[in-house]
Amino acid sequence: MIFDFGQLVLVKRYLWGSLAVAILPLLVIAILYDRHSSNLMDRLLLERIEGDLQTAIVKINSFVNAQHKRLDNLADLPEINSVFTQDSDTHLSPRLLDFLYLEIGDPDIYGIAFYNAEGEFIRAFPSWSEQTYSENGVYGNSNVAESELIQAVLPQSGRPGWFLIKKTVIRNQVNIGTLTLMVRLASMTEQTSPLYLRGVYEPIIITPDNEALSVVGNTVTSKDLLIESENFLPGWHIALQHIGKINKESDIGRWLLVLAAISALGIMWLFISMSERLARMITPLNDGAQAIANGDLTTQVPENGPGELGTLAHSFNNMSKQLNSMIKTRVYSERQASLGKLATGIAHEIRNPLATIRTTVHGLIRSETHPAHKEMLQVVNDEVIRTDAIVEEFMNYARPREPHKEFIPVGDVLATVSTLASASALETNVTMSITGDTSLVIHVDPGQLSQVLMNIVLNALQAMPEGGHLTLRTHREGKYAHLTVTDTGQGIPEDQLIEIQAPFFTTKKNGTGLGLAICAQLVHVNDGRMEIQSVYGEGTTVHITFALAT
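Residues numbered from 1 in each chain as written. Predicted model: local features only at pLDDT ≥ 70, side-chain atom pairs only at ≥ 80, totals over all residues. Heavy atoms only, no water.

Chemist: Quick question: what am I supposed to make of the pairing of strand β10 (residues 225-233) here?
Modeler: Of the pairings in the sheet, the one linking β10 to strand β11 (residues 236-242) comprises 5 bridges and is antiparallel in character. Bridging across to β11, asparagine 231 finds its partner in histidine 237. Between β10 and β11, which pair antiparallel and follow one another directly, the connecting turn spans 2 residues, one of which, glycine 235, has a positive phi of 90°. (Pairing = 2+ DSSP bridges. Helix = DSSP H or I, 4+ residues; strand = E, 2+ residues; numbered from the N terminus.)

Structure below.
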């Protein structure tokens with residue numbers, strides 16, 4: 001099928017709408033990004049740096065607080081009292097010595113020093129001199145929680161830097177001495193390492209004396225500072241200094257334009273592909289609708305479409321079936337009404353004269369003495385009787401009586417029909433048999449059902465003039481009882497099978513064509529269904545289905 005995009009108005013509207021919704025925002029974003037990308041990058045960078053600075057401050061504070069906690073744990077040891085009262089390490093308890101050596105084994109700790117209540121040096125672990133804890137370059141006393149940062153020594157002469165934290169030991173509200181912790185300075189500066197951005201900026205720690213310390217604790221020269229944090233200790237804060245140029249140029253704007261173009265092409269391709277597929281799926285619906293408009297109510301369309309199209313096709317087929325059924329019902333009702341009126345006219349205009357003719361012929365037969373004339377009158381009388389029978393059949397078809405339904409076993413009706421047809425079967429050398437579950441109970445008019453079965457059985461016997469086998473079978477399928485009448489007769493040609501139940505269609509020389517039509521009508525008024533299957537030259541099977549009695 002050639003895709004005519006111009007005919008799909010809704011598709012075009014959805015296409016332009018989708019393009020507008022998908023592409024315009026990208027174009028607007030690209031334009032705005034080009035105008036504001038520099039400020040945006042600065043703002044985002046600053047926001048990120050500020051957040052990272054706060055994180056680094058929290059980490060440094062956590063590190064310092066951990067050292068305070070270490071001092072608190074030492075001060076809380078009962079054995080620590082002996083350090084301030086004994087002169088020799090040999091008099092210290094093994095537990096205390098183990099604890100002290102465990103603490104100085106930490107890579108963040110260089111040593112622990114003890115002072116008495118008067119501030120005089122007692123001893124240190126390891127055994128360094130008091131001078132070690134009083135190097136030049138010491139500055140700044142800072143109170144931190146309950147401990148005190150009393151001094152810091154910057155790296156010099158190849159020696160690492162450190163800072164001291166002291167805590168007063170109180171026993172029974174009496175000052176018995178002071179603990180001092182020598183902490184590796186680089187352990188504190190290393191907490192800023194996540195702030196380092198290679199080739200762009202690096203973190204430094206500014207001391208109260210405006211000295212700059214690198215991440216590894218070395219003294220560096222501060223220059224071109226990007227941002228400075230708040231103090232994490234009195235006089236101590238973090239700063240970031242440029243070590244390279246921040247590339248603010250970005251290809252995002254150009255990539256957004258490329259993305260917009262690709263999106264536009266993709267959307268157009270998608271819509272065109274979907275439209276072609278939609279057109280192929282709508283064409284059968286359009287052809288089906290045109291066929292229905294032309295009067296073909298049996299048309300069906302494929303239901304293999306995806307999603308809503310499959311549902312629409314299914315609904316279309318249901319509509320076609322319902323419309324066909326409704327029209328057939330309407331035609332049937334109108335035809336029955338017309339036939340009823342016609343039957344009334346026939347009964348009045350034909351049967352009354354026939355009754356007069358029949359009475360007159362009977363009188364002439366009784367008075368006629370000539371054999372040839374009497375035989376002619378008898379032929380006239382037989383034809384009058386046949387004509388009256390035809391009128392009676394027509395009346396039965398045109399105005400069937402309402403069924404008087406009863407709950408009856410199927411076997412009773414089959415037995416009655418078999419008994420009535422046995423003589424005719426014997427004459428034609430036909431063997432009759434009843435099989436299946438004859439105890440099934442259905443709700444029908446027994447007289448009308450017997451009439452239907454009898455008519456079908458007689459037709460079957462007429463189809464086997466040289467003998468054969470006739471089977472009446474009943475079986476259950478779900479909630480339904482199935483009655484089948486099968487003969488081994490001549491069968492019905494395929495071209496006649498379609499019209500076999502139509503009124504006035506007959507293949508018999510003297511038939512009226514109303515027998516099977518009346519049977520189908522009686523089955524219908526008893527809420528049943530009748531179907532005929534036949535293979536020419538092999539036989540015929542009539543299927544009758546009724547709902548089982550509940």
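Chemist: I keep staring at the packing of aromatic side chains and nothing clicks. Help me out?
Modeler: Any aromatic ring pair is given by two values, namely how distant the centres are and how the planes are angled relative to each other. Counted under the stated rule, the structure contains 5 aromatic pairs. Here the aromatic rings of tyrosine 101 and phenylalanine 125 are separated by 6.0 Å at their centres, their planes lie at 90°, and the arrangement is edge-to-face. Of this pair, tyrosine 101 sits in helix α3 (residues 94-104) while phenylalanine 125 sits in strand β2 (residues 121-125), placing them 24 residues apart in sequence. For tyrosine 101, a relative accessible area of 47% corresponds to the partly exposed category. Under the relative-accessibility criterion, phenylalanine 125 is labelled buried at 1%. Summarising the aromatic geometry, the rings of phenylalanine 232 and tryptophan 236 are spaced 6.5 Å apart at their centres and angled 50° between planes, so their arrangement reads as tilted. Neither residue differs from the other here; phenylalanine 232 and tryptophan 236 are each classed as buried. (Phe/Tyr/Trp six-rings, centres within 6.5 Å; stacked < 30°, edge-to-face > 60°. Buried < 20%, exposed > 50% of the residue type's maximum accessible area, 1.4 Å probe, protein only.)

Chemist: Would you mind going over the sheet that holds strand β15 (residues 468-477) with me for this structure?
Modeler: Remark on secondary structure: sheet strands pair via backbone hydrogen bonds, oriented parallel or antiparallel. Taken in spatial order, the 5 strands of this open sheet run β13-β15-β16-β18-β17, and their pairing is mixed. Bordering the open sheet on either side are β13 (430-436) and β17 (529-535), each of which pairs with just one other strand. Across the sheet, the mean angle from the axis of one strand to that of its neighbour is 15°, orientation sign disregarded. Where β15 and strand β16 (residues 480-487) come together, 8 bridges link them in antiparallel fashion. Each residue of the ladder has a partner; that of threonine 474, found in β16, is leucine 483. Its contacts with the sheet put helix α8 (residues 410-427) on β13, β15 and β16, and the angle it makes with β13 is roughly 175°. (Axes fitted to C-alpha atoms, helices over the stretch in contact; angles between N-to-C directions. Contact = heavy atoms within 4.5 Å.)

Chemist: Which parts of the structure should I look at to understand a nonpolar patch on the surface?
Modeler: Together, Leu24, Leu27 and Leu257 give the surface a local cluster of nonpolar side chains, amounting to about 250 Å² of exposed area. The residue leucine 24 is located in helix α1 (residues 9-75) in this model. (Patch = residues over 30% accessible without salt bridge, like charges linked within 9 Å, V, L, I, M, F, W, Y side chains within 5 Å. Areas by Shrake-Rupley, 256 points an atom, 1.4 Å probe, with all protein chains shown as cover. Salt bridge = Lys/Arg side-chain N within 4 Å of Asp/Glu carboxyl O.)

Chemist: Is there a simple way to explain the sheet that holds β11 in this structure?
Modeler: Across the sheet, which stays open at both edges, the 5 strands sit in the order β9-β8-β7-β11-β10 with antiparallel pairing between neighbours. Sheet topology places β9 (219-220) and β10 at the edges, where each strand pairs with a single neighbour.

Chemist: Please clarify how unusual backbone geometry should be interpreted in this entry.
Modeler: Following phenylalanine 125, the chain continues into proline 126 via a peptide bond in cis, with omega recorded as -5°. Tracing the backbone through its elements, the reader meets proline 126 in the loop between β2 and β3 (142-144). The phi angle at aspartate 224 is positive, at roughly 45°, despite the residue not being glycine. Despite not being glycine, asparagine 429 shows a phi value in the positive range, around 60°. Within the fold, asparagine 429 resides in the loop between α8 and β13. With relative accessibility at 59%, the residue asparagine 429 sits in the exposed group.

Chemist: Which parts of the structure should I look at to understand the pattern of salt bridges?
Modeler: Opposite charge on two side chains permits pairing when their charged atoms draw close. This model, assessed by the stated rule, comprises 7 salt bridges. A salt bridge links lysine 167 to aspartate 72, with the shortest nitrogen-to-oxygen separation between them at 3.1 Å. In this pair, lysine 167 sits in strand β5 (residues 162-171) while aspartate 72 sits in helix α1, placing the two residues 95 residues apart along the sequence. In this structure, glutamate 190 engages arginine 184 in a salt bridge whose closest nitrogen and oxygen atoms are separated by 3.0 Å. Bridged by salt links that share partners, the residues Arg70, Glu103 and Asp106 form one connected network.

Chemist: Any chance you could explain the confidence of the model for the chain here in plain terms?
Modeler: As a general rule, the predicted coordinates of low-pLDDT regions are not to be interpreted in detail. Looking at the chain, the pLDDT average stands at 77 and 75% of residues meet or exceed 70. Within the chain, the element-level pLDDT minimum falls on β3, averaging 44, and the maximum on β16, averaging 92. Across residues 135-146, where pLDDT falls below 50, the model places 35 contacts with residues more than four positions away in sequence or in other chains. (pLDDT = per-residue confidence, 0-100.)

Chemist: What is the right way to read the packing of α8 against helix α9 (residues 446-462) from this model?
Modeler: The angle between the axes and the distance between the axes are what describe a pair of packed helices. Look at α8 against α9: their axes get within 10 Å of each other, and the N-to-C directions meet at 30°. Handedness of the crossing formed by α8 with α9: right-handed. Between α8 and α9, the residues in contact are Val413, Leu414, Val417, Leu420, Ala421, Ser424 and Ala425 and Leu449, Ser450, Leu453, Met454, Val457, Leu458 and Leu461, respectively. Split into classes, the residues belonging to the contact of α8 with α9 amount to 12 nonpolar, 2 polar and no charged. (Left-handed = near helix turned anticlockwise from the far one by under 90°. Nonpolar A, V, L, I, M, F, W, Y, C, P; charged D, E, K, R; others polar.)

Chemist: Which parts of the structure should I look at to understand the side chain of threonine 545?
Modeler: Looking at the element boundaries, threonine 545 is found in strand β18 (residues 539-547). Taking the relative accessible area as the measure of exposure, threonine 545 reaches 7% and is therefore buried. A distance of 3.2 Å separates a polar atom in the side chain of threonine 545 from a polar atom in the side chain of histidine 482. Once residues within four sequence positions are removed from consideration, threonine 545 is found in contact with Tyr480, Ala481, His482, Gly528 and Arg529. (Polar contact = N/O pair within 3.5 Å; in protein donor to acceptor, adjacent residues only side chain to side chain.)

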